[in-house]
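In case you want the letters, here they are:
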Amino acid sequence: MKKLLWVGVGLLLALPIVGVLVLIKALQFGAMGAAAAQMQMPPEPVNAEAVREAEWRPELQAVGSVVAVQGTVIRTEAEGLVREIRFEAGAPVKAGDELVRLDTDIERAQLREAEAAAALARQSFRRARELARSRNISQGELDAAASGVQQADARADITRALIAKKTLIAPFDGRLGIRRISVGQFLDKGSPVVSLHSLDPVYVEFSLPQPQLAELADGLPVRVWSDAYPERPFEGRVTAFNPDLDPQTRSVRVQATLANPEGWLRPGMFVSVLLLPERTERVLLIPITAVQHGPYGDAVFVIEPDGQDDNTLRVQQRLVRLGARRGDFVAVSEGLAAGEQVVSTGVFKLRSGMAVVVDNRLAPAFRLDPDPGNS
């Protein structure tokens, strides 16, 4: 009992001391809060860029494929045995060059027979004509002799045509592909022999969506890139487009013609296409790095004077609507006016109302046609 009494007395004596300590800490936290309320954060250094007004030519982008102006797989028109191959795989050829000869021994023998029959028919016709003058044969017999000449000549022509079909020639100038036959091989009618494509010029075919149909016109310049030659653009012009649209995609098929003297563009290649309409438009441009993308849209930080102190600059977040991009810039269709200052880099660290100071000593140089040295 005495032990419990002493514990109670100890607690009563300790309570005033704890209260004093709590009061002291409360006074200290209050003083710290008052000091913090009077403190001001220094202005945040930012890079700034003025909203610039420019006149540029719209660019329509698409992807397409290279198509040969003339291209085919040369096939046999008659069956036969390969006697001679007169081309090298991958070699350029001219129109009329002989490529392959099939065996024609039987056909040539048939031709000699047909020519002999034709000569006999002509001789018989001459005799019949002399007899007809002396009225020793009827007109019907003379007509039959004339018909015999025509039939014999026709049989000879058929044999000559068959011989000609057994000699394959290049139908146009171009470059050959991989050989698909060998000497001594028997080929059926229609057997593939080698591919042949004309490489200069070439077509590039691509599609544009329906809203861009008004921009199309014959002769519009196009610029083409291939990932095989990323630093080599190819220039050409629109030469045709379909009068109708694809009902599935609501797009129009466009054809451009490009010079290809080096033969770098090959049929079937995938390419990126840039179509340049003739009209121009005035746009407002800001650096792409000035845009902050968010769930409710795109925004930028506009630098404005403080309403109470003109020497202080503050940033205000403003929603914008973006347009086409080009180089380091993006067009703005709504939300900004020409000449306004926007924060060009580091927007992720800002919030509306922050005080800032413009420091462009380390600001990057923004260009419409950037050319990175390490690309």
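Above this note sits the structure.
Quick look at the structure, then. (Residues numbered from 1 in each chain as written. Predicted model: local features only at pLDDT ≥ 70, side-chain atom pairs only at ≥ 80, totals over all residues. Heavy atoms only, no water.)

### Here's the deal with the overall build of the protein
Scanning the protein from terminus to terminus reveals 3 helices and 24 strands. In the protein, which comprises 375 residues, the share counted as buried stands at 31%. Taking contacts inside the protein between residues at least 6 apart in sequence as the whole, the part at least 24 apart equals 74%. Entry remark: accessible area of the protein is about 23,700 Å², with carbon and sulfur atoms responsible for 55%. (Helix = DSSP H or I, 4+ residues; strand = E, 2+ residues; numbered from the N terminus. Buried < 20%, exposed > 50% of the residue type's maximum accessible area, 1.4 Å probe, protein only. Contact = heavy atoms within 4.5 Å. Areas by Shrake-Rupley, 256 points an atom, 1.4 Å probe, with all protein chains shown as cover.)

### Here's the deal with the sheet that holds strand E11 (residues 186–187)
What the 4 strands build is an open sheet, ordered E9-E8-E6-E11; its pairing is antiparallel. Bordering the open sheet on either side are strand E9 (167–169) and E11, each of which pairs with just one other strand. Two elements, strand E8 (residues 98–102) and E9, share 3 bridges in a ladder whose sense is antiparallel. Each residue of the ladder has a partner; that of Val100, found in E9, is Leu168. (Pairing = 2+ DSSP bridges.)

### A closer look at helix H3 (residues 139–165)
Under the 1.5 Å per step criterion, the end-to-end length of H3 is 39 Å for 27 residues, consistent within 8% with the ideal 39 Å. Buried residues along H3 sit against helix H2 (105–133) and E9. (Expected span 1.5 Å × (residues − 1).)

### Considerations on the packing of aromatic side chains
Enumeration over the complete set of coordinates arrives at 4 aromatic pairs. Centre to centre, the rings of Tyr229 and Trp264 are 5.1 Å apart; their planes meet at 20°, and the pair counts as stacked. You can see Tyr229 sitting in strand E15 (residues 229–241) and its partner Trp264 sitting in the loop between strand E16 (251–258) and strand E17 (270–275), a full 35 residues away along the chain. Residue Trp264 is classed as partly exposed on the basis of its relative accessible area of 32%. Between Phe329 and Phe366, the ring centres sit 6.2 Å apart and the planes meet at 65°, which makes this aromatic pair edge-to-face. (Phe/Tyr/Trp six-rings, centres within 6.5 Å; stacked < 30°, edge-to-face > 60°.)

### A short note on the pattern of salt bridges
Considering all chains together, one arrives at 20 salt bridges under this definition. Residue Arg282 is joined to Glu53 by a salt bridge in which the shortest nitrogen-to-oxygen separation is 3.3 Å. Of this pair, Arg282 sits in strand E18 (residues 281–287) while Glu53 is found in strand E3 (residues 52–56), placing the two residues 229 residues apart along the sequence. Looking at Glu53, the relative accessible area reads 46%, which means it is partly exposed. Overlapping salt bridges bring together Glu84, Arg86, Glu98 and Arg101 as one network. (Salt bridge = Lys/Arg side-chain N within 4 Å of Asp/Glu carboxyl O.)

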